[in-house]
Amino acid sequence: MLEFEWPWVFAALPLPLLIRWFGKPAAAQQAALKVPFIDDFSDPEHQQGLSHAGHMLLLFVATLAWLALVGAAARPMWYGDPVELPVKGRDIMLAVDLSGSMQQEDFVLDNQRVDRLTATKVVAGEFIKQRAGDRVGLILF
């Protein structure tokens, strides 16, 4: 089902018409740059302006753009049937110390002395493999 999160935004739909009807037209301004060879910049093919069909096409495109903008601003949401997610398992957070004390080599793994951080990685990895269905988070400090 389609619903709009902010339906009051549709009140802005007539805004361009109100601006066109009640806004005063812009005064014609002189050119900001006066150049003696300004005629070299004009295109004689396009001096006549757009035809009526061209103006109607521009008006149609501008109307579509305004409708799309207002519709998107209203935040359309598509709600379907609710989906039940299986809630199985536990939420587990592992906190791991990363300070200098973790560099002490006082653990033995596979008959080799390793630092505390390496031992923590091995033990935590084995622990996580055994936690099927659980959600595990990691806090490093």
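The following refers to the structure shown. Keep in mind it's a predicted model, so treat the numbers as computed, not measured.

1. With respect to the overall build of the chain
Along the chain, the regular secondary structure elements total 3 helices and 6 strands. Along the chain direction, N to C, the helices and strands of the chain fall in the order β-α-α-β-β-β-β-α-β. Looking at the 141 residues of the chain, the share that counts as buried comes to 10%. Restricting the contact set of the chain to residue pairs at least 6 apart, pairs at least 24 apart contribute 72%. Looking at the chain as shown, the accessible area adds up to about 12,800 Å², and 63% of this sits on carbon and sulfur atoms.

2. Focus: the side chain of D134
Locating D134 in the fold gives a position in the loop between α3 (116-130) and β6 (135-140). Among the polar contacts listed, one links the side chain of D134 to the backbone nitrogen of R90, at a separation of 2.7 Å. In this structure, D134 is in contact with G89, R90 and I92, ignoring residues within four places of it in sequence.

Each value, and the rule that gives it
Residue numbers run consecutively from 1 along every chain, following the written order of its sequence. Local features in a predicted model are, by the rule used here, given only for residues with pLDDT of at least 70; side-chain atom pairs are given and counted only at 80 or more, and totals for whole chains, interfaces and linings are based on all residues. Only hydrogens and water are removed before side-chain values are computed, so all heavy atoms of the structure are retained for them. Helix and strand definitions here come from DSSP, where helices need a minimum of 4 consecutive H or I residues and strands a minimum of 2 consecutive E residues; each element is numbered from the N-terminal end. Think of it in three bands: with a 1.4 Å probe and only protein chains considered, a residue is buried below 20% of the maximum accessible area for its type, exposed above 50%, and partly exposed in between. By definition in these notes, contact holds between two residues if any of their heavy atoms fall within 4.5 Å. Residue burial considers only the protein chains on display, and all accessible areas are found by Shrake-Rupley using a 1.4 Å probe. For this analysis, a polar contact is any N or O atom pair within 3.5 Å, provided that within protein one partner can donate a hydrogen and the other can accept it, and provided that sequence-adjacent residues contribute only side-chain to side-chain pairs.

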